Amino acid sequence: MGRRPRLFTDISIAVSCLVFLVATLSCAAPPRELVILTYDSFVSEYGPGPKLAELFEKQSGIKVTWKAKGDGGQLLADLALGAKDGLTTKGADLALGLDNFLEPRALALDLFQTYKPKDLGKVPAELRIDPSNRLIPYDYGWFAIIYDSAKAKKLPASLDELASPAFKGQLILMDPRSSTPGLGFLAWTRSVYGTNWEDYWKRLAPSVLAMPAGWDAGYGLFLAGEAPFVLSYTTSPAYHKEVEGSDRYKVLPLPEGNPRQVELAGILKGGPHRRAAELFMDFIISPEAQALLPTTQWMYPVRPEVALPAGFSAALKPAKSLEPSTEGLFEAAPRAVELVGARARQP
Amino acid sequence: MTRLRGGGLRRGPLPPLLLLLWLLLASLPLLALLSRVEAGEALGALGRVLAQERTRRALGFGLLQAGGSALVALLFGLPGAWFVSHYRFPGRRLLVSLAALPFSFPPVLMALGFVIWFGRGGLLNAALQGIFSLDEAPLRLLYTTGGLCLAQGLYNFPLVLDLVGGAWKRLPARTTEAARSLGAGRTRAFLGISLPALAPSLVEATSYAFLFSFFSFVVVLVLGPPGLSNAETEIWRLLRLEGNLEAAAGLALAQSATALALLGLLSLASLGLARNSRVSGEGRALMSPRGAALPVLVGYALVLALAFLGPLVSVLLGSFAGRRSLAATALPSLAAWGSLVSGASLPRALASTLLTALPSALLATLLGLLLGGLLRHRRGILDALANFPLAVSAVVTAAGWRLLFPEGGIVVLILIQALTAAPFAIRSSASALASLAEEPRLAARSLGAGPLRAFFGVELRSILPLTLSSAAFAFALSAGDATTPLVLGIPDFEPLPLLVYRLIGAYRYPEACAAGLVLALISGLAFVAKEGRGGTKEEDVRGA
């Protein structure tokens, strides 16, 4: 009879200590931090994320937390969902990794705060695609079809030839609904084929081996040898040349030209660390941060004065740079996927 | 004395009420989803969605790949069932215990193994190219419907083997021999006697394989042909990528209706067949394989090794590959483990998994005991209760609960996983308790113990090994679940299956295998512990 109360007291003391400990730990929030939403490859160990965060913390004392759940299209979808349910993107200050193809939809969602970073005047005017300065450019590049010179038996001379039976099951694309390269490719074909783009996609469908949700998975499949052609960037061969000393992967020259992608970042309305977010926006277009981009992100920095590594000579600055229209692009993405699905390869 | 007989609670109106409550609980997420559709023209909107080609295509492909997968499962499972029920051979026990695999080896790992083993740059192709000096990879299975069916069929074949093999073994040789002695040919005896007796187990196995593949999520995400999706992945994309609640709700309704219709058909078929078959007696004695049977057995074992063991072993060994392209790996390396542990993602994932899988297993087992105890003699209600949740998609369940309790987080996850595992626990407890004699409990009651005390003190103790078994099973099910945490999207929470999935998506295969290995170990560990206690059979756990 005497034992039970003592055990009870012991347990309640232990539990209260535990509760107190948990409460203190969760209240002890870091003093200056920033939460940035981005896409997967940006925060991989070879990507720019960790290095940028390190440099930013050294300069400003603010700690950056990156959150990535997929490719660029997924990022936008999360932002849209967060706007509706107030939950998915709670606590996030900044979104980084949208691009010119997603820009109309991103702006239409009215999620971003206008802010003019310090050095914005030094960025060339043709890259500053949002006049309201809600989305700021930080790098750019061109989409391209990359081929494996060791595995590709024949090279198509045009986008049109890529859709011929000779290239059945040889192309890896990305899902335009969730991936920025995927959407960029759709825009590319829409600008080349105009109103006949659906017909082109019907013809292209048998050539598509896989259409994973993100660029990472797709490019990884390409490197594993699953298919000899992949949708990627003109700078991809530069990466292999610089890091692996390999000339194996090359840009497929196409007469139709290559679409330009400008990557954008924006401060989210209602983010808790507004001042820190503004400092980061100043930082991302500063020369020091921009200098990190070429060898980590493998895209061209928006600041023209930043020196490019030698490896970038392998990258084709395309003969013809396209700026495809984004009119009705977002709505066309599910239709494109449907067209590929309708003619998917059967064993 | 009559007052103590047969548990008043069990006979009264409580069981049907429980069933209703349970059905409501299982349908609640779907209803939540439907309720968010614009009230104004809900019916019209849903009608439009259902008429859309996209919906029809998703359902159509879902049915196609589910049917194909079931077929593959039968193709691999039936020969195995024949062998394990007729012959004794080394490795037989192993083959039979493989039946635990579909539930303890998470589907996401099967997808991973498949890519590593069967891919154009995969291990099997590399081996074949080397052996036959080919310059093109001979097998092109990835991202085709056939490849998807192969992966899912392989995942489910152990179930076919176990269910049909078990029933076949119990079929006494006497009946067919009697028919033969009366002049019936071998085929005639088989078709007329063995097949009807095996039919219930065949139907059960096929329906499990079919439903599993119909609702398959992560595997279709990873291995699906480009641009094609089944209803499950399409619902997820509609919710996550397009924010289209209306279309998702419509598709979810269509999907559940289709699954219910199928379940209904299968239950009818199985009832009808069961009535006509009487499987009794100790069954047949096993012989050593002789004559033509031996080379066929060896051939079968070889095919199994290539198709089934290959992917598994790829995952188990893949974590020691240094380079990204596993086929070109020379030396074992711990680089993948190093990066996962130093980045803390693996220890954190393990902790997250344990944090949710243990409570949900506990909860599921408790539910199993309580409801199993109450429903032990009400077979019809029990079957309905256990089967109904199989008709509601995991994506819809998670999405629906997320709408109802947006801030729920881990608690909602635990509840969902417990409710998902509960039907299995309920079934196994019910069949275990039903087989107990009434006397010890009645004796306890007559000595003054209250009903609960009698239950816990007497009956529970007798079925303790089985209860632990089903707890281990519930744990494996919850630990391997990738769908629910993915759809719930709890911030800063990444259990092992999600870590594996993310690493697959980032094409970091060695690390994915490392995480997968840890996941396989903790799921499998529970089963090893169970088998070590004296081999309680899978059929007991499922209450078959």
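Residues numbered from 1 in each chain as written. Chains lettered and ligands numbered in written order. Predicted model: local features only at pLDDT ≥ 70, side-chain atom pairs only at ≥ 80, totals over all residues.

A word on the overall build of chain A
Move 1: Scanning chain A from N- to C-terminus turns up 12 helices and 12 strands.
Move 2: Taken along the three principal axes of its C-alpha coordinates, chain A extends 90 × 55 × 40 Å.
Move 3: Every one of the 347 residues in chain A was classed for burial, and the buried ones make up 50%.
Move 4: Counted over contacts in chain A with a minimum sequence separation of 6, partners at least 24 positions apart contribute 80%. (Helix = DSSP H or I, 4+ residues; strand = E, 2+ residues; numbered from the N terminus. Buried ≥ 20, exposed ≤ 12 C-beta atoms within 10 Å, placed from the backbone. Contact = placed C-beta atoms within 7 Å.)

Let's talk about the overall build of chain B
Move 1: For chain B, the count of helices and strands is 27 helices and zero strands.
Move 2: When each of the 544 residues of chain B is scored for burial, the buried share is 49%.
Move 3: When contacts within chain B are restricted to residue pairs at least 6 apart in sequence, those whose partners lie at least 24 apart make up 82%.

Details of unusual backbone geometry
With glycine set apart, most residues show a phi of negative sign, and most peptide bonds adopt trans.
Residues and elements named next belong to chain A.
Move 1: One non-glycine residue, Asp-110, lies in the positive phi region at around 55 degrees.
Move 2: Looking at the secondary structure, you find Asp-110 in the loop between α4 (103-108) and β4 (112-113).
Move 3: By the C-beta count within 10 Å, which is 9 here, Asp-110 ends up exposed.

Concerning the interface of chain B and chain A
Move 1: Listed by partner, the interface residues are 26 residues for chain B and 34 residues for chain A.
Move 2: Listing elements by their share of the side of chain B that touches chain A, those giving two or more residues are α4 (53-86), α9 (145-170) and α13 (231-240) of chain B.
Move 3: With three residues, α9 of chain B is the largest single contributor of residues to the side of chain B that touches chain A.
Move 4: The residue inventory of the side of chain B that touches chain A, partitioned by class, reads nine nonpolar, 11 polar and six charged. (Nonpolar A, V, L, I, M, F, W, Y, C, P; charged D, E, K, R; others polar.)

Concerning the packing of helix α17 (residues 345-375) of chain B against helix α23 (residues 464-479) of chain B
All names here are of chain B.
Move 1: Direction vectors running N to C along α17 and α23 enclose 140 degrees, while the axes themselves pass 8 Å from each other. Taken as axis vectors, α17 and α23 run oblique relative to one another. Our pair here, α17 against α23, has a crossing hand that is right-handed. Packed against α17, whose contacting residues are Thr-353, Thr-356, Ala-357, Leu-358, Ser-360, Ala-361, Ala-364, Thr-365, Gly-368 and Leu-369, the element α23 presents Thr-467, Ser-470, Ala-471, Ala-474, Phe-475, Ser-478 and Ala-479 at the interface.
Move 2: The class makeup of the residues in the contact of α17 with α23 is nine nonpolar, eight polar and no charged. (Axes fitted to C-alpha atoms, helices over the stretch in contact; angles between N-to-C directions. Parallel < 35°, antiparallel > 145°, perpendicular 65-115°, else oblique. Left-handed = near helix turned anticlockwise from the far one by under 90°.)

Focus: helix α8 (residues 215-223) of chain A
Move 1: Here α8 of chain A lies mainly inside the structure; eight of its nine residues are buried.
Move 2: Contacts from the buried residues of α8 of chain A go to β5 (136-148), β6 (171-172), α6 (180-193), β7 (208-210) and β8 (229-233) of chain A together with α25 (496-505) of chain B.
Move 3: Residue Gly-225 of chain A follows α8 of chain A closely and has a positive phi angle near 90 degrees.

A word on the pairing of strand β3 (residues 94-99) of chain A
Residue and element names in this part refer to chain A.
Move 1: With respect to burial, β3 is a largely interior element, six of its six residues being buried.
Move 2: Summarising the sheet, strand β1 (residues 33-38) and β3 pair through two bridges and their orientation is parallel. Bridging from a neighbouring strand, Leu-37 pairs with Ala-95 of β3.
Move 3: Across five bridges, β3 lies against strand β10 (residues 258-268) in antiparallel orientation. Its bridge partner being in β10, Leu-96 is matched across the sheet by Ala-265. (Pairing = 2+ DSSP bridges.)

Things to note about the environment of Gly-368 of chain B
Residues and elements named next belong to chain B.
Move 1: Mapping Gly-368 onto the fold places it in helix α17.
Move 2: A count of 27 C-beta atoms within 10 Å places Gly-368 in the buried class.
Move 3: Distance in space between the C-alpha atoms of Gly-368 and Leu-404 is 25 Å, their sequence separation being 36 residues.
Move 4: Setting aside anything within four residues of it in sequence, one finds Gly-368 in contact with Ala-422, Ala-425, Ile-426, Ser-428, Ser-429 and Ser-470.

Some thoughts on the domain arrangement of chain A
All names here are of chain A.
Move 1: What the domain assignment reports for chain A is domain 1 (33-140 + 261-311) and domain 2 (142-259 + 316-342).
Move 2: Just the C-alpha atoms count here: the centres of domain 1 and domain 2 sit 25 Å apart.
Move 3: Of the residues lining the interface, 18 residues belong to domain 1; the matching set on domain 2 comes to 24 residues. (Domains from an automatic or database assignment.)

Comments concerning the confidence of the model for chain B
All names here are of chain B.
Move 1: Mean pLDDT over chain B stands at 80; residues scoring 70 or higher make up 87%.
Move 2: Throughout residues 325-329 the model reports pLDDT below 50, and contacts reaching past four residues in sequence, or to other chains, amount to 16 contacts.
Move 3: Segment residues 533-544 is flagged for pLDDT under 50; beyond a separation of four residues in sequence, or across chains, it makes 26 contacts in the model.
Move 4: Predicted complex, confidence summary: ipTM 0.77, pTM 0.82. (pLDDT = per-residue confidence, 0-100.)

Focus: the domain arrangement of chain B
Residues and elements named next belong to chain B.
Move 1: When the domains of chain B are assigned, the result is domain 1 (60-245 + 257-277) and domain 2 (342-544).
Move 2: For domain 1 and domain 2, the distance between their C-alpha centres works out to 23 Å.
Move 3: Here the side of domain 1 that touches domain 2 is built from residues that sort into 21 nonpolar, three polar and two charged.

Observations concerning the nonpolar core
Move 1: Ranked by internal contacts, the top residues of the largest apolar core, which has 257 residues, are Ile-172 of chain A together with Ala-111, Leu-112, Val-160, Val-500 and Ala-515 of chain B.
Move 2: The element that contributes the greatest number of residues to this core is α9 of chain B, accounting for 14 residues.
Move 3: In this structure Ala-515 of chain B touches Leu-340, Leu-346, Ala-349, Leu-496, Leu-499, Val-500 and Leu-503 of chain B, once residues within four positions along its chain are discounted. (Core = buried A, V, L, I, M, F, W, Y, C linked by C-beta atoms within 7 Å.)

Focus on the environment of Pro-311 of chain B
Move 1: Position of Pro-311 of chain B relative to the elements: it lies in helix α15 (residues 293-318).
Move 2: The spacing of Pro-311 of chain B and Leu-171 of chain B is 140 residues in sequence and 34 Å in space, taken between C-alpha atoms.

A closer look at the environment of Ser-69 of chain B
Move 1: Relative to the assigned elements, Ser-69 of chain B resides in helix α4.
Move 2: Distance from Ser-69 of chain B to Leu-211 of chain B, taken between C-alpha atoms, is 9.9 Å for residues 142 residues apart in sequence.

A closer look at the pairing of β1 of chain A
Side-chain direction in a regular strand flips from residue to residue, so the side chains alternate between the two faces of the sheet.
Residue and element names in this part refer to chain A.
Move 1: In terms of residue burial, β1 counts as a mostly covered element, since five of its six residues are buried.
Move 2: The pairing of β1 with strand β2 (residues 63-68) spans six bridges and is classified as parallel. In the sheet register, Leu-37 faces β2, and the bridge partner there is Lys-67.
Move 3: Since β1 and β2 lie parallel, the crossover through helix α2 (residues 48-60) that links them has a hand, and here it is right-handed. (Right-handed = clockwise from strand over helix to strand, strands pointing away.)

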